[in-house]
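An overview of the molecular structure
For reference, the chains in residue letters:
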Amino acid sequence: MYKLKLVKGHSYTGYGVKATQKSPFVEVSSKEISDSLIASGYFSLAAETETPTASTIASAATAETEAETETDIEKISLAQLKALAQQIGLDTKGLKSKADYIEAINTAEELFPDEA
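Residues numbered from 1 in each chain as written. Predicted model: local features only at pLDDT ≥ 70, side-chain atom pairs only at ≥ 80, totals over all residues. Heavy atoms only, no water.

Helix and strand counts for the protein stand at four helices and five strands. Sequence separation of at least 24 residues holds for 52% of the intrachain contacts in the protein that already meet a minimum separation of 6. Summing over all exposed atoms, the protein offers an accessible surface of approximately 7400 Å²; the carbon and sulfur share of this is 52%. (Helix = DSSP H or I, 4+ residues; strand = E, 2+ residues; numbered from the N terminus. Contact = heavy atoms within 4.5 Å. Areas by Shrake-Rupley, 256 points an atom, 1.4 Å probe, with all protein chains shown as cover.)

Take aspartate 35: it is sitting in helix α1 (residues 31-39). Classification of aspartate 35 as partly exposed rests on a relative accessible area of 38%. Separated by 33 residues in the primary sequence, aspartate 35 and tyrosine 2 place their C-alpha atoms 9.6 Å from one another. (Buried < 20%, exposed > 50% of the residue type's maximum accessible area, 1.4 Å probe, protein only.)

Attention shifts here to unusual backbone geometry. One can expect most non-glycine residues to show negative phi and most peptide bonds to be in trans. In this structure, tyrosine 15 takes a positive phi of about 55° despite not being glycine. Within the element layout of this structure, tyrosine 15 appears in the loop between β2 (11-14) and β3 (17-20).

Attention now moves to the packing of helix α3 (residues 78-87) against helix α4 (residues 98-111). One way to put it is that α3 packs onto α4 with a least axis distance of 10 Å and a crossing angle of 35°. Where α3 crosses over α4, the handedness of that crossing is left-handed. Seen from α3, the contacting residues are Leu78, Leu81, Lys82, Leu84 and Ala85; seen from α4, they are Lys98, Tyr101, Ile102 and Ile105. Taken together, the residues of the contact of α3 with α4 sort by class into seven nonpolar, no polar and two charged. (Axes fitted to C-alpha atoms, helices over the stretch in contact; angles between N-to-C directions. Left-handed = near helix turned anticlockwise from the far one by under 90°. Nonpolar A, V, L, I, M, F, W, Y, C, P; charged D, E, K, R; others polar.)

Here alanine 19 is to be found in strand β3. Look at alanine 19 and you get buried, because its relative accessible area is 1%. Along the sequence, alanine 19 and valine 7 sit twelve residues apart, while their C-alpha atoms lie 10.0 Å from each other.

Now for the packing of aromatic side chains. Applying the stated criterion across every chain, the model contains two aromatic pairs. Ring centres of tyrosine 12 and tyrosine 42 lie 5.2 Å apart, and the angle between their planes is 45°; on these two criteria the pair is classed as tilted. Of this pair, tyrosine 12 sits in strand β2 while tyrosine 42 sits in the loop between α1 and β5 (43-48), and the two are 30 residues apart along the sequence. The class of tyrosine 12 is buried, set by a relative accessible area of 15%. Ring geometry for tyrosine 12 and phenylalanine 43: centres 5.2 Å apart, planes at 85°, overall edge-to-face. (Phe/Tyr/Trp six-rings, centres within 6.5 Å; stacked < 30°, edge-to-face > 60°.)

Honestly, it's all geometry; don't read function into it.
Dropping the structure here:
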């Protein structure tokens, strides 16, 4: 799998992917499609990952469960949410309130649970 990040423009739709500034990350399984999207200038390679196996899925589920018990996103300060959004590569333009940041982070976690 190839994880790509939208780096040019407000949005992009093509090659079976859709990215926006609010949701800039896409995943494709084909190296050819990944190379084409990068060559377009609209995307950069964010990560190249192996195809998940049963053991990596189980490990990710265990880590996610542990992370959920450690932190409740609603209890994090706005400054911490801003830092987290930056750390996971979210475009924060237009995000103003704590609720905006929580929604954007939760959306990223739903789309890319192993990265956020």
